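# Tertiary structure, described
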Amino acid sequence: MRDDERRSAARITTRTLACVNSKGDAHLLEVVNVSVGGCRLRCSERCLELGERVELEFELDGASITATGEVVNFVDGDVGIKFLEIGPDELMALELYGSSSFWS
């Protein structure tokens, strides 16, 4: 089964930057899409490793999102991140962003 078939949460296309902290290094990467379950980041070089835990910080419509995630795949220069830990306020902001993007 393909990743898009396994995905239970809809991905919303976005263009924002995330600060991604891994192994003491900070990387500024573009968030290509996001859902309540994770996000896809544009990564021109392989700065992250499969299975690696990362800390992410980014903004969506003025809401600050902070989450812990795991690198789950690499596809065509993009990195798939699965959220492992995310607070209730951040989760609500992602849900609201998804529903407002759906109707706009």
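About the thresholds
Residues numbered from 1 in each chain as written. Predicted model: local features only at pLDDT ≥ 70, side-chain atom pairs only at ≥ 80, totals over all residues. Heavy atoms only, no water. Helix = DSSP H or I, 4+ residues; strand = E, 2+ residues; numbered from the N terminus. Buried < 20%, exposed > 50% of the residue type's maximum accessible area, 1.4 Å probe, protein only. Contact = heavy atoms within 4.5 Å. Polar contact = N/O pair within 3.5 Å; in protein donor to acceptor, adjacent residues only side chain to side chain. Pairing = 2+ DSSP bridges. Axes fitted to C-alpha atoms, helices over the stretch in contact; angles between N-to-C directions. pLDDT = per-residue confidence, 0-100.

By the element assignment, Val 79 lies in strand E6 (residues 78-86). Since its relative accessible area comes to 1%, Val 79 is described here as buried. Considered as a pair, Val 79 and Val 31 are 48 residues apart in the sequence and their alpha carbons are 9.6 Å apart. With residues near it in sequence (within four places) discarded, Val 79 still touches Cys 39, Arg 40, Leu 41, Cys 43, Leu 48, Val 71, Asn 73 and Phe 74.

Structurally, the position occupied by Asn 73 is in strand E5 (residues 63-75). Within polar-contact distance, the side chain of Asn 73 engages the side chain of Arg 40 at 3.3 Å.

Within a sheet, each strand pairs with its neighbour through backbone hydrogen bonds, oriented either parallel or antiparallel. Here 6 strands make up a closed barrel; going around it, the order is E1-E2-E3-E6-E5-E4 and the pairing antiparallel. Each strand axis lies, on average, 45 degrees off the axis of its neighbour in the sheet, ignoring direction. Of the strand pairs in this sheet, strand E3 (residues 38-42) and E6 are connected by 5 bridges, and their pairing is antiparallel. Note on E6: the bridge partner recorded for Leu 41 is Val 79.

Note on placement: Asn 33 falls in strand E2 (residues 25-34). Since its relative accessible area comes to 15%, Asn 33 is described here as buried. Sequence-distant contacts of Asn 33, defined by excluding residues within four places in its chain, comprise Arg 11, Ile 12, Thr 13, Thr 14, Cys 39 and Arg 40.

This part covers the environment of Ala 18. Along the chain, the position of Ala 18 falls in strand E1 (residues 12-22). In the structure, Ala 18 is positioned 10 residues away from Leu 28 in sequence and 5.7 Å away in space, judged by C-alpha atoms. Sequence-distant contacts of Ala 18, defined by excluding residues within four places in its chain, comprise His 27, Leu 28, Leu 29, Val 31, Leu 41, Glu 57 and Phe 58.

So, on to the confidence of the model for the protein chain. Confidence along the protein chain averages 86 in pLDDT terms, with 87% of residues attaining 70 or more. The least confident element of the protein chain, judged by mean pLDDT, is helix H1 (residues 3-6) at 44; the most confident is E6 at 96. Here residues 1-7 is a poorly scored stretch, pLDDT under 50, and it has 3 contacts once near neighbours within four places are set aside; other chains count.

Let us now look at the pairing of E6. Judged from the 8 bridges that link them, E5 and E6 form a sheet pairing that is antiparallel. What sits directly across from Phe 74, in E6, is Val 79. Between the antiparallel neighbours E5 and E6 lie 2 residues, among them Asp 76 with a positive phi of about 50 degrees.

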